[in-house]
Amino acid sequence: MKVLVIGGDGYCGWATALHLSNRGYEVGIVDSLVRRYWDAQKGVESLTPIAPIQRRIERWSDLTGKSIDLYIGDITDYSFLSQTLHEFEPEAIVHYGEQRSAPFSMIDREHAVETQVNNVVGTLNILYAMRQDFPDCHLVKLGTMGEYGTPNIDIEEGYLTLEHNGRTDTVPYPKQPGSFYHLSKVHDSHNIHFACKIWGLRATDLNQGVVYGVLTEETGMDELLVNRLDYDGIFGTALNRFCTQAAIGHPLTVYGQGGQTRGFLDIRDTVRCVELAIANPAESGHLRVFNQFTEQFSVGDLALMVKKAGNAMGLDVEINHLDNPRVEQEKHYFHAKNTNLLNLGLQPHYLSDSLLDSLLNFATKYKHRVDKNQILPKVSWK
Ligand code: NAD
Ligand code: USQ
């Protein structure tokens, strides 16, 4: 099957492209390389040195004999997108190609606009291109668990059955996201839902939790294939940041009380979930929603786990509770369903002592590359 991975130079996209290629899919990568530009613009860098995309792909091909097609361009440019789809003729599109940092989207008006234009227009262009020429293609779109926010009731997978004044209906689950970035994903979900309904397209929205880890079977094959590891205050996610902080002896940066609870998953499960979604396509005319995470933790619990694992390795790990730069609930109910992917056969990698050891070892190996000025958060929601 031919699969186009949009955003294939990024953290999740690179790991996914290699995994699918390894599993025998014919893979193409689309990327504007805008994430490398944003890093340069903000003066931040992946902890791991990442090679140019062309070298990464060449190395993969030398190692495995498998080729990956590369299309460099911006999907908000409709003629580029349309031409690329005609050249590659995908049977499935995996769409990771968005601005994905909540703090980036909250810097100021310009960053909020840039995030929402990039994300919403890119996704709308894909929907129009599919409607025009590829109506049977399956869109696998990366959404996020943060679309739901932290409601005081259980989170279902995409839809909620309501009873109101004696009548019942099943409707998209109410969304209460916590940043202009997370809102862009909600707008995408609504646009995809509508396009499936009116044009009969098929799509899966993967509401993914916070991803952690560096290595997959494929990205661990060679130094040139290594994945990015963001630890800075804009792009770094909680557990990746905590492990890097532990490695350099910086107190772990728990925001506020630390009771913020989220869904989490290992990058090795991200690639497998996407493969499962592709191998079991959605029906046409329907937006299917899967909640893509394997475990729930509070950030305070994660910090304690990193401290314990770090201390066992001889690192001196302290936990700091900073004034929360975000506006979010710091103590709340959180119980989300995640059975759809398990029912398709996902066998999760749970967060274990050995994985924490390997993440800490990884962070320690590259700790000379840490820019200590990029650890503390600089973006405020207020
Ligand atoms: P990333 O920034 O590492 O990768 C995104 C890639 O998309 C980059 O290489 C970037 O250059 C490219 N891109 C962005 N806009 C583009 C455009 N208009 N045209 C072409 N390419 C474009 O991000 P990531 O962590 O790999 O996240 C990928 C997706 O997964 C995002 O949609 C994000 O919302 C979602 N997601 C990520 C996480 C996580 O923890 N990393 C969790 C849940 C959901
Ligand atoms: N947090 C800390 N300390 C830190 C960093 C974060 O306490 O140093 C807290 C945040 O306040 C928040 C939680 O940890 O409560 C998660 O923050 P994060 O930066 O790890 O994740 P988030 O901003 O939600 O975004 C990330 C990805 C995004 C994806 C989302 C999945 O960047 O692309 O959509 O995770 S989810 O959170 O499920 O929506």
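This section reports on the structure supplied with the text. What you are looking at is a predicted structure, and each value in this text was computed from that prediction instead of being measured. (Residues numbered from 1 in each chain as written. Chains lettered and ligands numbered in written order. Predicted model: local features only at pLDDT ≥ 70, side-chain atom pairs only at ≥ 80, totals over all residues. Heavy atoms only, no water.)

### A word on the site of ligand 2
Applicable threshold: For this description, a residue counts as near a given molecule or strand if any of its non-hydrogen atoms is within 4 Å of it. Distance and chemistry together define a polar contact, namely a pair of N or O atoms within 3.5 Å, with one atom able to donate a hydrogen and the other to accept it when in protein, and with adjacent residues in sequence counting only for side-chain atoms on both sides. Values of accessible area rely on a 1.4 Å probe in the Shrake-Rupley scheme; residue burial ignores everything except the protein chains shown. Numbered from the N terminus, helices here are DSSP runs of H or I no shorter than four residues, and strands are runs of E no shorter than two.
Ligand 2 sits among 23 residues. The nearest are Thr144, Gly146, Tyr181, Thr253 and Glu328. Taking Thr144, its side chain carries an N or O atom lying 2.6 Å from an oxygen atom of ligand 2. Arg326 places a side-chain nitrogen or oxygen 2.8 Å from an oxygen atom of ligand 2. Surface burial for ligand 2 is 95%, taken as the share of its 730 Å² of free accessible area covered by protein chains. Among the elements of the structure, helix H7 (180–199), helix H8 (238–248) and strand E10 (252–255) are those that each provide at least two residues to the shell around ligand 2.

### Quick look at the site of ligand 1
Filter applied, for reference: Residue classes follow a fixed rule: Ala, Val, Leu, Ile, Met, Phe, Trp, Tyr, Cys and Pro count as nonpolar, while Asp, Glu, Lys and Arg count as charged, and any other residue, Gly among them, counts as polar.
Neighbouring ligand 1 are 27 residues; Asp31, Arg100, Asn118, Tyr181 and Lys185 lie closest to it. For ligand 1, an oxygen atom lies 2.7 Å from a polar atom in the side chain of Arg100. Between an oxygen atom of ligand 1 and a side-chain N or O atom of Lys185, the distance comes to 2.7 Å. Considering ligand 1 on its own, with 830 Å² of exposed area, one finds that the protein chains cover 98% of that surface. Within the shell around ligand 1, the residues separate by chemical class into 10 nonpolar, nine polar and eight charged.

### Thoughts on a nonpolar patch on the surface
Note the following rule: Here a patch means residues that are over 30% exposed by relative accessible area and free of salt bridges, tied together within 9 Å if like-charged and within 5 Å if nonpolar (Val, Leu, Ile, Met, Phe, Trp, Tyr). Basic side-chain nitrogens of Lys or Arg form a salt bridge, by our definition, when they fall within 4 Å of a carboxyl oxygen of Asp or Glu. Type-normalised accessible area, obtained with a 1.4 Å probe on protein chains alone, sets the label of each residue: buried when under 20%, exposed when over 50%, and partly exposed for intermediate values.
A contiguous nonpolar surface patch, about 260 Å² in accessible area, is contributed by Tyr78, Leu124 and Tyr128. With respect to the helices, strands and loops of the structure, Leu124 is situated in helix H6 (residues 109–133). Leu124 gets classed as partly exposed once you look at its relative accessible area, which sits at 33%.

### Digging into the packing of H8 against helix H10 (residues 299–312)
Going by this rule: Here an angle of 0 to 180 degrees is reported between the N-to-C directions of two axes, which are lines fitted to C-alpha atoms, with helices fitted over the stretch in contact. By convention the crossing between two helices is left-handed if the near helix lies anticlockwise of the far one by an angle smaller than a right angle, and right-handed if it lies clockwise. The contact criterion used is simple: two residues touch if any of their non-hydrogen atoms lie within 4.5 Å.
With their axes 10 Å apart at the nearest point, H8 and H10 run at an angle of 35 degrees to one another. Viewed along their axes, H8 and H10 form a crossing whose handedness is right-handed. Where H8 abuts H10, its residues Ala238, Leu239, Phe242, Cys243 and Ala246 lie against Val299, Leu302, Ala303 and Val306. Across the contact of H8 with H10, the residue classes break down as nine nonpolar, no polar and no charged.

### Some points on the sheet that holds strand E9 (residues 210–212)
Basically, it comes down to this: DSSP bridges decide pairing: two strands pair if at least two such bridges lie between them.
Spatial ordering of the open sheet is given by E9-E11-E13, a layout of three strands whose pairing is mixed. Looking at the sheet topology across the chains shown, the edges are occupied by E9 and strand E13 (295–298). Geometrically, the sheet is characterised by an average inter-axis angle of 45 degrees between neighbouring strands, direction not taken into account. Of the strand pairs in this sheet, E9 and strand E11 (residues 261–266) are connected by three bridges, and their pairing is parallel. Bridging across to E11, Tyr212 finds its partner in Asp266.

### A word on the nonpolar core
Which entries qualify depends on this criterion: Residue types Ala, Val, Leu, Ile, Met, Phe, Trp, Tyr and Cys, when buried and joined through side-chain atoms within 4.5 Å, form a set referred to as a nonpolar core.
Membership of the largest hydrophobic core comes to 35 residues, with the highest contact counts inside it found for Val3, Val94 and Ile278. When residues of this core are traced back to their parent elements, those giving at least two are strand E1 (2–6), helix H1 (11–22), strand E2 (26–31), helix H3 (53–64), strand E4 (92–95), strand E5 (138–144) and helix H9 (267–279). In contact with Ile278, not counting residues within four places along its chain, are Met1, Val3, Leu20, Tyr25, Ala92, Val94, His138 and Val140. Within the second largest apolar cluster, 33 residues are counted, among which are Cys243, Leu252, Ala303 and Leu315.

### Remarks on helix H4 (residues 78–88)
Along an α-helix, residues three or four positions apart point the same way, because every turn accommodates 3.6 residues. Phe80, Leu81, Ser82, Thr84, Leu85 and Phe88 are the residues of H4 that are buried. For H4, the secondary structure elements touched by its buried residues are E1, E2, strand E3 (68–72), E4 and H6. Just downstream of H4, Glu89 is the residue with a positive phi angle, here 55 degrees.

### Here we look at the layout of surface pockets
What counts here: Residues are said to line a cavity or pocket when one of their atoms sits within 4 Å of a point; the points come from a 1 Å grid over protein atoms alone, cavities being sets where a 1.4 Å probe fits but cannot get out and pockets being open sets with protein on both sides within 12 Å along at least five of seven lines. Grid points are joined across faces, edges and corners, and a volume is the space filled by probe spheres set on the points.
Space inside the second largest pocket adds up to approximately 210 Å³. Lining the second largest pocket are 14 residues, with His19, Glu217, Arg268, Val271 and Arg272 sitting closest to its centre. Those elements that place two or more of their residues in the lining of the second largest pocket are H1 and H9. Considering each element in turn, the lining of the second largest pocket owes the most residues, five residues, to H9. For the lining of the second largest pocket, the class distribution of residues is two nonpolar, five polar and seven charged.

### Let's talk about empty space enclosed by the protein
A full pass over the atoms with the stated rule returns two cavities of 30 Å³ or more. Considering only enclosed or pocket space, the largest cavity measures out at about 100 Å³ in volume. Broken down by secondary-structure element, the contributors of at least two residues to the lining of the largest cavity are H7, strand E8 (202–208) and strand E12 (286–292). Classifying every residue of the lining of the largest cavity gives five nonpolar, five polar and two charged. As for the second largest cavity, its lining consists of Pro103, Gly233, Tyr255, Pro325, Arg326, Pro377, Lys378, Val379 and Trp381.

Spatial relationships are all this shows, so hold off on functional conclusions.
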